[in-house]
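A structural walkthrough
Each chain is listed here by its residues.
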Amino acid sequence: MSNFPVDKIRSDFPILAQQVYKRPLIYFDNAASTQKPRQVIDAIRHYYEYDNCNIHRGVHYLSVKATEAYEEVRRDVREFVNAKSTREIIFTKGATESLNLVACSFGRRYVQPGDEVITTIMEHHSNFVPWQQMCFERGAKFRVAGINAAGELDVDGLKAQVNEKTRLIALTHVSNVLGTINPIREIIAFAHAHNVPVLIDGAQGVSHLPVDVQELDCDFYCFSGHKMYAPMGIGVLYGKEALLEELPPYQMGGEMIKDVFVDHTTFNELPFKFEAGTPNVEGVMGLGAAIRYLKNIGMENIAAYEADLLKYATVKMSEIEGIRMIGTAKHKASLVSFLLGKIHPYDAGTIIDKLGIAVRTGHHCAMPLIELLQIPGTVRASFAFYNTEAEIDQLVAAILRVKKMFE
Ligand code: PMP
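Residues numbered from 1 in each chain as written. Predicted model: local features only at pLDDT ≥ 70, side-chain atom pairs only at ≥ 80, totals over all residues. Heavy atoms only, no water.

The full count for this structure, using the stated rule, is 21 salt bridges. Of the charged contacts in the structure, one is a salt bridge between Lys-65 and Asp-51, with a shortest N-O distance of 2.8 Å. Note that Lys-65 is positioned in helix H3 (residues 61-81) and Asp-51 in helix H2 (residues 38-51), a separation of 14 residues in sequence. Note on Lys-65: relative accessible area 32%, which makes it partly exposed. Judged by its relative accessible area of 8%, Asp-51 falls in the buried class. (Salt bridge = Lys/Arg side-chain N within 4 Å of Asp/Glu carboxyl O. Helix = DSSP H or I, 4+ residues; strand = E, 2+ residues; numbered from the N terminus. Buried < 20%, exposed > 50% of the residue type's maximum accessible area, 1.4 Å probe, protein only.)

If you want it as structure tokens, here you go:
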């Protein structure tokens, strides 16, 4: 941990240098959205100053240049998650759009009345509601795997739900409420032994852990740029080529067609079949810069540094009397959810904010989980590689202050 260049890294993030309420900003809301390094901001600026143009459909200089830059980032993303081909990398608005795309297209193609789809109780709404609604529409059964007291997935329970009617398992890599890292490799291997494809919601995975989709052998992997230091409004759907080939397009319009006649239309090849309309080119430029930034530091180094931060926070916070940690899985990503006695998370979060520390409170878009736990929500502090132990000490002091105010 000592040789991790956190000071140098912090100087790359202009927003972290500011004061809020006359105190240095401490940003612990990284699971909601991460801050952006200057390199990402510069890439967007550079794009508008030198390359801006609609892509894929022009013969002129700028259009060719912008198209080449856009496709270069697709190659970077392919390499970042180790996909086999750039045809398997689809740019979307974010994880939510990626998940809706698969739920909609996969549902239409493969899910019949009486079929079943399995997800888990720890999913974000965006990997829960699309499957639930698709199952309602198609007369399929929506099954939900549970968790144990530590917030770990009931893997045996999930496996027991797999049968010949199961069409797909959709689960998160990392829980945005509990921090739990799910044993996705084991679940994918089991599912494949039963001919069931697996979709992984990687929104909280890809920014913390090295991801190799070929090694995982997942069928789909979805993520958002803004949670991995890139801009908002850009995300990725990875899908195995053979599966994507079989899926119908999700949106219709320009770019996704090959030929259009009055009586029928033929569709473009992958990945363009799933990229209807003018894409978010500036977002893609920012995503490319974010990937280069992460690669420079190294995902292994990031994972190791954040694991140390989590360990430090867990030890320090567990010492606070009356704190209840929500999510104590053995394998966790760098976030802590907690409750302080009977103090409402919103009240705690508001006071912590006034001390210059950004935490998130509420149900974190995971209402089925919050209901299962019978809690009003949690306070969540989620760490990035620009956070420090000294900042965690400040959080502990803020929590003690909250407790004192309510005593
Ligand atoms: N899945 C998980 C686990 C998340 O944490 C989030 C964002 N909080 C999403 C999906 C949705 O991501 P986005 O809002 O960027 O589409």
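Relative to the 28 Å expected for 20 residues at 1.5 Å per residue, helix H11 (residues 299-318) spans 28 Å between its end C-alpha atoms, a close match to the ideal helical length. Burial in H11 covers these residues: Met-299, Ile-302, Ala-303, Tyr-305, Glu-306, Leu-309, Leu-310, Tyr-312, Ala-313 and Met-317. If you follow the buried residues of H11, they end up packed against helix H1 (6-11), H3, helix H10 (281-297), strand E13 (323-326), strand E14 (335-340) and helix H14 (389-406). (Expected span 1.5 Å × (residues − 1). Contact = heavy atoms within 4.5 Å.)

Right, let's talk about the site of the ligand for a bit. Every residue close to the ligand is listed here: Ala-95, Thr-96, His-124, Ser-126, Thr-172, Asn-176, Asp-201, Ala-203, Gln-204, Ser-224, His-226 and Lys-227. In the environment of the ligand, a nitrogen atom lies 3.3 Å from a nitrogen or oxygen atom belonging to the side chain of His-124. Take Ser-224: an N or O atom from its side chain is 2.6 Å from an oxygen atom of the ligand. Compared with its free state, where it exposes 400 Å², the ligand has 85% of that area covered by protein. Partitioning the shell around the ligand into residue classes produces two nonpolar, eight polar and two charged. (Near = heavy atom within 4 Å. Polar contact = N/O pair within 3.5 Å; in protein donor to acceptor, adjacent residues only side chain to side chain. Areas by Shrake-Rupley, 256 points an atom, 1.4 Å probe, with all protein chains shown as cover. Nonpolar A, V, L, I, M, F, W, Y, C, P; charged D, E, K, R; others polar.)

Turning our eyes to something else, we now look at the nonpolar core. Among the nonpolar cores identified, the biggest contains 107 residues, and Tyr-221, Met-317 and Phe-385 are the most heavily contacted of them. Two domains each donate at least three residues to this core, and these are domain 1 (6-30 + 298-406) and domain 2 (41-296). Setting aside residues no more than four positions away along its own chain, Phe-385 makes contact with Phe-4, Val-6, Ile-9, Phe-13, Tyr-229, Tyr-293, Leu-294, Ile-297, Ile-302, Tyr-305 and Glu-306. Of all hydrophobic cores here, the second largest spans 25 residues; its members include Trp-131, Cys-135, Ala-170 and Phe-274. (Core = buried A, V, L, I, M, F, W, Y, C linked by side-chain atoms within 4.5 Å. Domains from an automatic or database assignment.)

This part covers the domain arrangement of the protein. Here the protein is described as being made up of domain 1 (6-30 + 298-406) and domain 2 (41-296). Taken over C-alpha atoms, the centre of domain 1 sits 28 Å from the centre of domain 2. Of the residues lining the interface, 37 residues belong to domain 1; the matching set on domain 2 comes to 29 residues. Roughly 2,600 Å² is buried in total at the junction of domain 1 and domain 2, and carbon and sulfur atoms are behind 65% of that figure. For the pair domain 1 and domain 2, the interface holds 15 residue pairs in polar contact (both at pLDDT 80 or more). (Buried area = accessible area lost by both parts, 1.4 Å probe.)

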